[in-house]
Amino acid sequence: MPERTHRTQAERRERTRTALLDATITCLVELGYARTSMQEICARAGVSKGAAQHHFAGKAELMAAAVAHLTTRLAERNAPVASEVPPGPERVEAMVDLLWRSYSGTLATAAMELWTAARTDPALAAAMRPVDKALARSTLDRLAELVALPRARLETVFWLTVNLTRGLALDAELGGDPHRREQLLREWKRVATALCTQHPEDAGHAENVRGTGNSR
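Residues numbered from 1 in each chain as written. Predicted model: local features only at pLDDT ≥ 70, side-chain atom pairs only at ≥ 80, totals over all residues. Heavy atoms only, no water.

S.K.: How should I be thinking about the state of the cysteines in this particular structure?
M.R.: Among covalent bonds in proteins, the disulfide is the one between the sulfur atoms of two cysteines. As enumerated under the stated definition, the model contains zero disulfides in all. Among the cysteines around Cys42, which has no disulfide bond, Cys27 carries the closest sulfur, lying 9.7 Å off. On the accessibility criterion, Cys42 (4% relative accessible area) is buried. (Disulfide = S-S within 2.5 Å. Buried < 20%, exposed > 50% of the residue type's maximum accessible area, 1.4 Å probe, protein only.)

S.K.: In this structure, what is going on with helix α2 (residues 38-45)? I would like to understand it.
M.R.: Think of an α-helix as turning once every 3.6 residues; residues three or four places apart then point the same way. Buried residues of α2: Met38, Ile41, Cys42 and Ala45, and no others. In a view along the axis of α2, the buried residues occupy a sector of 95 degrees, so they form one face of it. Exposed residues on α2 whose side chains face more than 90 degrees from its buried face are Gln39 and Ala43. Within two residues after α2, Gly46 carries a phi angle of roughly 70 degrees, on the positive side. (Helix = DSSP H or I, 4+ residues; strand = E, 2+ residues; numbered from the N terminus. Arc of directions from axis to C-beta.)

S.K.: What's the story with the packing of aromatic side chains in this structure? I'm lost.
M.R.: To describe a pair of aromatic rings, you give the distance between the ring centres and the angle between the ring planes. Across all of its chains, the model carries one aromatic pair by this definition. Ring centres of Phe158 and Trp159 lie 4.9 Å apart, and the angle between their planes is 70 degrees; this geometry places the pair in the edge-to-face category. Given the relative accessible area of 34%, Trp159 is considered partly exposed. A cation sits over an aromatic face here: Lys59 above Tyr33, 4.2 Å from the ring centre. (Phe/Tyr/Trp six-rings, centres within 6.5 Å; stacked < 30°, edge-to-face > 60°. Lys NZ or Arg CZ within 6 Å of the ring centre and 35° of its normal.)

S.K.: Is there a simple way to think about the nonpolar core in this case?
M.R.: In globular proteins that are soluble, nonpolar side chains generally tend to be buried together. Counting 32 residues, the largest nonpolar core has Leu20, Tyr33, Ile41, Leu62, Met63, Leu114 and Leu124 as the members making the most contacts within it. Among the secondary structure elements, those contributing two or more residues to this core are α1 (2-31), α2, α4 (59-78), α6 (105-118) and α7 (122-146). At eight residues, the largest contribution of residues to this core is made by α4. Leave out the neighbours within four places in its chain, and Leu20 touches Ile41, Cys42, Ala45, Val47, Ala52, His55, Phe56 and Leu62. If you look at the next biggest cluster of nonpolar residues, it comprises 22 residues, including Leu140, Phe158, Leu185 and Trp188. (Core = buried A, V, L, I, M, F, W, Y, C linked by side-chain atoms within 4.5 Å. Contact = heavy atoms within 4.5 Å.)

S.K.: Where do I start with the pattern of salt bridges in this structure?
M.R.: Opposite charge on two side chains makes pairing possible when the charged atoms of those side chains draw close. Using the criterion set out here, one finds ten salt bridges in the structure. Here Glu40 and Arg44 are joined by a salt bridge, their closest N and O atoms 2.7 Å apart. With Glu40 and Arg44 both in helix α2 and four residues apart, this pair spans about one turn of that helix. For Glu40, a relative accessible area of 29% corresponds to the partly exposed category. Of the charged contacts, one joins Glu145 and Arg142 as a salt bridge, the two residues approaching to 2.6 Å between their closest N and O atoms. Pair noted here: Glu145 and Arg142 are both in helix α7, with a separation of three residues, about one helical turn. Judged by its relative accessible area of 57%, Glu145 falls in the exposed class. Under the relative-accessibility criterion, Arg142 is labelled partly exposed at 26%. (Salt bridge = Lys/Arg side-chain N within 4 Å of Asp/Glu carboxyl O.)

See the structure below:
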């Protein structure tokens with residue numbers, strides 16, 4: 001019986017934490033960072049401010065945790081199954097689509113609010129950096145399982161895609177032309193496929209040359 005009580009308390013804590021994180025994301029998207037207060041978050045989550053402080057030391061920690069929470073949910077929802085990803089060059093296009101889904105929409109809106117605020121908020125910037133790095137690392141590891149590429153080339157294509165999709169997400173927030181975004185995304189898929197499939201032996205040769213030069 002004591003064990004069951006402990007599990008129930010743990011479940012209650014997890015529900016409270018999840019409610020706070022979901023409310024934070026909603027506030028960021030609907031109100032923006034400047035108008036998002038702990039009081040508003042707690043009200044939407046149905047949690048007292050004192051209870052919230054048991055989970056998060058301050059607003060910066062809560063904000064970073066909220067983005068990590070949303071990122072995890074999106075990754076779980078969007079994570080492709082290897083058997084369902086098309087083979088050959090089309091697999092690169094699927095990779096670009098995955099990154100576009102991950103770095104646009106609700107996540108892009110919430111993260112954009114936080115990174116803009118973090119420019120002048122050292123505590124928020126310090127809380128956000130490890131979240132951003134962890135997301136990039138986990139996404140790269142997942143992509144490495146799906147696309148057979150040297151790690152250096154995979155990282156190059158990954159970061160080019162991430163920065164493009166973030167720019168396109170900002171364009172969407174600013175009311176840019178959706179047809180232009182689709183065209184740019186299609187064009188990048190073509191370029192990314194070329195980067196991933198053209199002369200892979202050249203990349204290996206270059207690595208060998210650099211290795212020989214460094215050994216002298």
